[in-house]
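Examination of the molecular architecture
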Amino acid sequence: MSEVVTRFAPSPTGLLHPGHAFSALQAWKFVRENKGRFLLRIEDIDFTRSRPEYVEAIYEDLDWLGLSWEKPVRIQSEHTDDFQNTAATLHEMGLTYPCFCTRKEILAEIERSGGAPHGCEGPLYPGICKQLSTDERVSRIESGENHAIRIDLDAALEITGHELIWQDLIAGQQSAQPQQLGDSVLVRKDIGTSYHLAVTTDDAHQEITHIIRGMDLYESTHLHRVLQELLGFPVPDYLHHDLILDDAGKRLAKRNESLTIRSIRESGVSAEEFRKSLGFEF
């Protein structure tokens, strides 16, 4: 078995909460049990919401939890060339197309057509820009019109041509069903990439062997397997764990400032007590 390499990859768009701590501790525990490597990655590609002070808060919270990680930390915003190269490769394969639609236009088209098929993340993109001619695409791009880049999933699946699977350490072997996501955006208009493109590229570059994350990201794996196959990236094993919920049974969110790791440690709770409350002892 190759050396285990896993990562914790938070976004610095707010303070970490117990759900983040649970995920980081899951990865840390897995690494300790398998004598592997634990990496930290800062996923700061959302330039409108990411803040330097939140990056520092991540370091402080994880250090308080008793975790350590390899240096240097990979900062996504410092590696935009990698994401552009990945997007360019898919473009050269004829597997992407520009999308000039606004969200309002997409919703209007769905309503006009009487609805759209629903996937795991809501209504699927109705393909408004998929049928545009090459000349129109080029003309609109050259005129400076804002656009995103979407994957042509039908063309992509013609290339893959076989069932795509991955191993989940909790659920067992899984079969990718990317049709549930449709022609997803790979490059957003505002940030030059997307979560899907960036995380798949980063995991390959960092040679991640095991991806440990919450069930809220399970559905993304369907698309990530397609990208891995198209790009010749290695396929990690996955562990999608349950989410930590609040007292109302809802998923924790960064906007709930009363449930941040910072507020918990400032209340006088020790790191050991907090780890035990999440089910971890070391």
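Residues numbered from 1 in each chain as written. Predicted model: local features only at pLDDT ≥ 70, side-chain atom pairs only at ≥ 80, totals over all residues. Heavy atoms only, no water.

1. Concerning the pattern of salt bridges
Summed over all chains, the structure comprises 20 salt bridges. Residue K130 is joined to D183 by a salt bridge in which the shortest nitrogen-to-oxygen separation is 3.1 Å. Taken as a pair, K130 in the loop between β6 (122-123) and α5 (134-142) and D183 in the loop between β9 (172-175) and β10 (185-187) lie far apart in primary sequence, 53 residues in all. Note on K130: relative accessible area 19%, which makes it buried. R140 is paired through a salt bridge with E136; the nearest N and O atoms lie 3.3 Å apart. You can see R140 and its partner E136 sitting in helix α5, 4 residues apart, about one turn around the helix. According to the relative accessible area criterion, E136 is partly exposed, its value standing at 34%. Here the residues in one salt-bridge network are R7, R41, E43, R74, D82, D202 and D203, joined through shared partners. (Salt bridge = Lys/Arg side-chain N within 4 Å of Asp/Glu carboxyl O. Helix = DSSP H or I, 4+ residues; strand = E, 2+ residues; numbered from the N terminus. Buried < 20%, exposed > 50% of the residue type's maximum accessible area, 1.4 Å probe, protein only.)

2. Details of a nonpolar patch on the surface
A cluster of nonpolar side chains, namely M215, L243 and L245, defines an oily patch on the protein surface of about 240 Å² accessible area. M215 gets classed as partly exposed once you look at its relative accessible area, which sits at 38%. (Patch = residues over 30% accessible without salt bridge, like charges linked within 9 Å, V, L, I, M, F, W, Y side chains within 5 Å. Areas by Shrake-Rupley, 256 points an atom, 1.4 Å probe, with all protein chains shown as cover.)

3. Remarks on the packing of helix α3 (residues 80-92) against helix α7 (residues 195-205)
Look at α3 against α7: their axes get within 9 Å of each other, and the N-to-C directions meet at 105°. When the interaxial angle is binned, α3 and α7 end up roughly perpendicular. Contacts from D82, F83, T86, A87 and L90 of α3 reach α7 at L197, A198, T201, D202 and H205. Split by residue class, the contact of α3 with α7 holds 5 nonpolar, 3 polar and 2 charged. (Axes fitted to C-alpha atoms, helices over the stretch in contact; angles between N-to-C directions. Parallel < 35°, antiparallel > 145°, perpendicular 65-115°, else oblique. Contact = heavy atoms within 4.5 Å. Nonpolar A, V, L, I, M, F, W, Y, C, P; charged D, E, K, R; others polar.)

4. Quick notes on the sheet that holds β10
The strands that make up a sheet pair up through hydrogen bonds in the backbone, lying either parallel or antiparallel. Within the open sheet, the 3 strands sit side by side as β4-β7-β10. Their pairing is antiparallel. The sheet is open, and its two edges are formed by β4 (96-99) and β10, each paired on a single side. In this sheet, adjacent strand axes meet at a mean angle of 45° when their direction is disregarded. (Pairing = 2+ DSSP bridges.)

5. Some points on the side chain of T160
Within the element layout of this structure, T160 appears in helix α6 (residues 153-160). Relative accessible area serves as the criterion here: at 9%, T160 is assigned to the buried category. For T160, the side chain forms a polar contact with the main-chain oxygen of L157, separated by 3.1 Å. The contact partners of T160, leaving out residues within four places of it in the chain, are E229 and L230. (Polar contact = N/O pair within 3.5 Å; in protein donor to acceptor, adjacent residues only side chain to side chain.)

6. A short note on the packing of aromatic side chains
One pass over the structure, following the stated rule, counts 6 aromatic pairs. Consider the rings of W28 and F38, whose centres lie 5.6 Å apart with planes at 85°: the pair is edge-to-face. Of the two residues, W28 is situated in helix α1 (residues 18-34) and F38 in strand β2 (residues 37-42); the sequence distance between them amounts to 10 residues. Here W28 matches F38 in class, with each residue buried. Judged by centre distance (6.2 Å) and plane angle (65°), the ring pair of W166 and Y238 falls under edge-to-face. Here Y238 lies in strand β12 (residues 237-241) and W166 lies in strand β8 (residues 165-168), a separation of 72 residues in the sequence. Both residues of the pair, W166 and Y238, belong to the buried class. An aromatic cluster is present here, built from W166, Y218 and Y238 joined pairwise through their rings. R140 extends its terminal NZ or CZ atom over the ring of F100, reaching a point 4.3 Å from the ring centre. (Phe/Tyr/Trp six-rings, centres within 6.5 Å; stacked < 30°, edge-to-face > 60°. Lys NZ or Arg CZ within 6 Å of the ring centre and 35° of its normal.)

7. Quick look at the nonpolar core
Counting 30 residues, the largest nonpolar core has L90, I151, L186, L227 and L230 as its most contacted members. Elements that contribute at least two residues to this core include exactly α3, α6, β10, α7 and α8 (220-231). Aside from chain neighbours lying at most four places away, what touches L186 is L90, T96, I149, R150, I151, T193, S194, L197, L223 and L227. Of all hydrophobic cores here, the second largest spans 29 residues; its members include A21, A24, L62 and I264. (Core = buried A, V, L, I, M, F, W, Y, C linked by side-chain atoms within 4.5 Å.)

8. Quick word on the pairing of β12
One face of the sheet, then the other: side chains in a regular strand alternate in exactly this way. Counting buried residues along β12, 4 of its 5 residues qualify, which places the element largely inside the surrounding structure. Inspection of the sheet shows strand β11 (residues 210-214) paired to β12 by 5 bridges, in the parallel sense. Across the sheet, residue R213 finds its bridge partner in β12, namely H240. Once you follow β11 into α8 and on to β12, the crossover reads as right-handed. (Right-handed = clockwise from strand over helix to strand, strands pointing away.)

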